[in-house]
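Next come the chains, spelled out residue by residue.
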Amino acid sequence: MRKVSFPCMGTSYIPFEKLLKAFGNDVIVPPRPTEETISYGTKYAPEFACYPFKIVLGTYVQVLEKGANTLVSSGGVGPCRAGLYTTLHEKILKDLGYEFEMITLEPPGRHLKDLIESIKKLINVKLSIKDYATIGRFVWKELVLLDKIEKLSHKVRPLEVKKGETTQTYKKCVGMIAKAEKYSELVEIEHESERLFDLIEKKDYNPIKIGIVGEIYVLLEPASNLEIEEMLGDLGVYVERSMFLSGYTISNAVLDLFHIKGDRDAKKMAAPYFKEMCGGHGRESVGNSVIFAKRGFDGVIQLSPFTCIPEIVAKSILPKVCKEHGLGFLSINFDEQTGKEGLRTRLEAFVDLLEAKRERLEYVPTKSKIAKEVS
């Protein structure tokens, strides 16, 4: 039997584990990235490699040591180096003496045949069309629900009266979803999750709103961004990410297969500043920043791995974009040297600036106020 594993990226391991098990595989769930993970990655990766490359490489070492004989990862297209990472990971790991098969899931819009062949390798039991429909329906609902409760946590955390209650509720909901075995259970869990978040005591408060854009891995994997969303929520900030895995899957798998531009709004908004594809999500970072501005957000934070070329290109454009649209802007690069306390200090200063700016904009002096100030 195949012993399959894959990179850790947020809570996506939950539906992916269910899918691979339903296909008849023995699954080794990747551990959440830790200092040990990063130490393996930095030890064996080329110095110029980006942070996600190192984390994923370290994860592969850990799961191979646990007995995995098949690794599954995604491919890519365009100038971004990520499309070549599985090939380089495979070479490094085999040079270290590990024996395994690397299966790369390429984007269906350009590599549909290759994608189908890769998926066939992972199906090790006989399944009917009804079985595929049941599995797909359950796994998709699980993925969408995980994204939904994460969005709920971002909405509630800045308003919570008792610090940490939102995070505890979120973890409880994730645990319930992970244990579900039937679609009907997920429906019940969805209602229960909404109820639990509603029960959290909240302040009557209009929080600073910050949109987060950037490279997909550091956006979706909390260990790679030092739990920045939770950190901002604890500072009383409403955070909204430009990307969630369910939406990304629809845009880059389903719609891309039929050549439908699912992210046309972001690309359209970026067009005046950024017309050409640069790989990765650089253009989308610019377009989504404009969208956040139009929705009344106070600021934008760009998250990117150190040396990420698409986000470096976007970073050269974003200050102008944010200035034109009245947004505060902060760019943060992550690598193995980034510290949590240093990050917290930068975020506190950024939030203070946004709050001061909001107070200036909201202050409209009347005649009585001017007379009082003059006297």
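Here's a quick rundown of the structure. (Residues numbered from 1 in each chain as written. Predicted model: local features only at pLDDT ≥ 70, side-chain atom pairs only at ≥ 80, totals over all residues. Heavy atoms only, no water.)

In this structure, Ala45 sits in the loop between helix 2 (35-44) and helix 3 (51-65). Assessed through its relative accessible area of 12%, Ala45 is described here as buried. Distance in space between the C-alpha atoms of Ala45 and Gly58 is 8.9 Å, their sequence separation being 13 residues. Not counting residues within four places of it along the chain, the set of residues in contact with Ala45 comprises Phe53, Lys54 and Leu57. (Helix = DSSP H or I, 4+ residues; strand = E, 2+ residues; numbered from the N terminus. Buried < 20%, exposed > 50% of the residue type's maximum accessible area, 1.4 Å probe, protein only. Contact = heavy atoms within 4.5 Å.)

Our focus in this paragraph is the packing of helix 7 (residues 165-179) against helix 8 (residues 183-199). Any two packed helices are characterised by how steeply their axes cross, that is the angle between the axes, and by the distance between the axes. At a minimum axis distance of 10 Å, the contact between helix 7 and helix 8 shows a crossing angle of 175 degrees. Compared by their axis directions, helix 7 and helix 8 come out roughly antiparallel. On helix 8, the residues that touch Thr166, Thr169, Tyr170, Lys172, Cys173, Met176, Ile177 and Lys179 of helix 7 are Glu185, Leu186, Ile189, Glu192, Ser193, Leu196 and Phe197. Here the residues of the contact of helix 7 with helix 8 sort into eight nonpolar, three polar and four charged. (Axes fitted to C-alpha atoms, helices over the stretch in contact; angles between N-to-C directions. Parallel < 35°, antiparallel > 145°, perpendicular 65-115°, else oblique. Nonpolar A, V, L, I, M, F, W, Y, C, P; charged D, E, K, R; others polar.)

Once that is clear, we can look at helix 7. One turn of the α-helix equals 3.6 residues, which is why residues spaced by three or four share an orientation. With 15 residues, helix 7 should cover 21 Å at 1.5 Å per step; its first-to-last C-alpha distance of 22 Å lies within 8% of that length. Looking at helix 7, one finds that the buried residues are Thr166, Thr167, Thr169, Tyr170, Cys173, Val174 and Ile177. Take helix 7 and look down its axis: the buried residues cluster within an arc of 160 degrees, on one side only. Set apart from the buried face of helix 7 by more than 90 degrees, the exposed residues are Gln168, Lys171 and Lys179. Tucked into the core, helix 7 has its buried residues touching helix 1 (13-22), helix 6 (129-156), helix 8 and helix 10 (228-234). (Expected span 1.5 Å × (residues − 1). Arc of directions from axis to C-beta.)

Among the nonpolar cores identified, the biggest contains 50 residues, and Leu232 and Ile301 are the most heavily contacted of them. A per-element tally of this core places helix 3 first, with nine residues. Viewed by domain, this core spans two of them, domain 1 (3-126) and domain 3 (206-375), each represented by three or more residues. Contacts of Leu232, omitting those with residues within four sequence positions, involve Ile210, Ile212, Val237, Val239, Ile301, Leu347 and Val351. Residues Ile14, Tyr170, Val174 and Leu186 belong to the second largest nonpolar core, which totals 20 residues. (Core = buried A, V, L, I, M, F, W, Y, C linked by side-chain atoms within 4.5 Å. Domains from an automatic or database assignment.)

This part is about the side chain of Lys141. Among the secondary structure elements, Lys141 is positioned in helix 6. Under the relative-accessibility criterion, Lys141 is labelled buried at 16%. Those residues in contact with Lys141, other than ones at most four positions away along the chain, are Tyr183, Leu186 and Glu190.

Attention shifts here to the environment of Leu96. Relative to the helices and strands, Leu96 resides in the loop between helix 4 (85-95) and strand 4 (101-105). Taking the C-alpha atoms as reference points, Leu96 and Tyr44, separated by 52 residues in sequence, lie 8.9 Å from one another.

Moving on to the sheet that holds strand 2 (residues 26-27). Read from one edge of the open sheet, four strands run 2-1-3-4, paired in parallel fashion. The open sheet has two edge strands, strand 2 and strand 4, and neither has a second partner. Bridge count for strand 1 (residues 3-5) against strand 3 (residues 70-74) is two bridges, and the pairing is parallel. Each bridged residue has a counterpart across the sheet, and for Val4 the counterpart in strand 3 is Thr70. (Pairing = 2+ DSSP bridges.)

Let's shift gears to the pairing of strand 7 (residues 299-305). By the criterion of burial, strand 7 is predominantly enclosed, with seven of the seven residues buried. Burial along strand 7 is two-sided: Gly299, Ile301, Leu303 and Pro305 facing one way and Val300, Gln302 and Ser304 facing the other are all buried. By the bridge criterion, five bridges tie strand 5 (residues 208-214) to strand 7 in an arrangement that is parallel. Across the sheet, residue Ile210 finds its bridge partner in strand 7, namely Gly299. Taken together, the seven bridges between strand 7 and strand 8 (residues 328-334) define a ladder with parallel strand orientation. From the neighbouring strand, Ile301 faces strand 8, where its bridge partner is Leu330. A crossover links strand 7 with its parallel partner strand 8, the connecting element being helix 14 (residues 309-324), and its sense is right-handed. (Right-handed = clockwise from strand over helix to strand, strands pointing away.)

On their own, these measurements won't tell you what the molecule is for.
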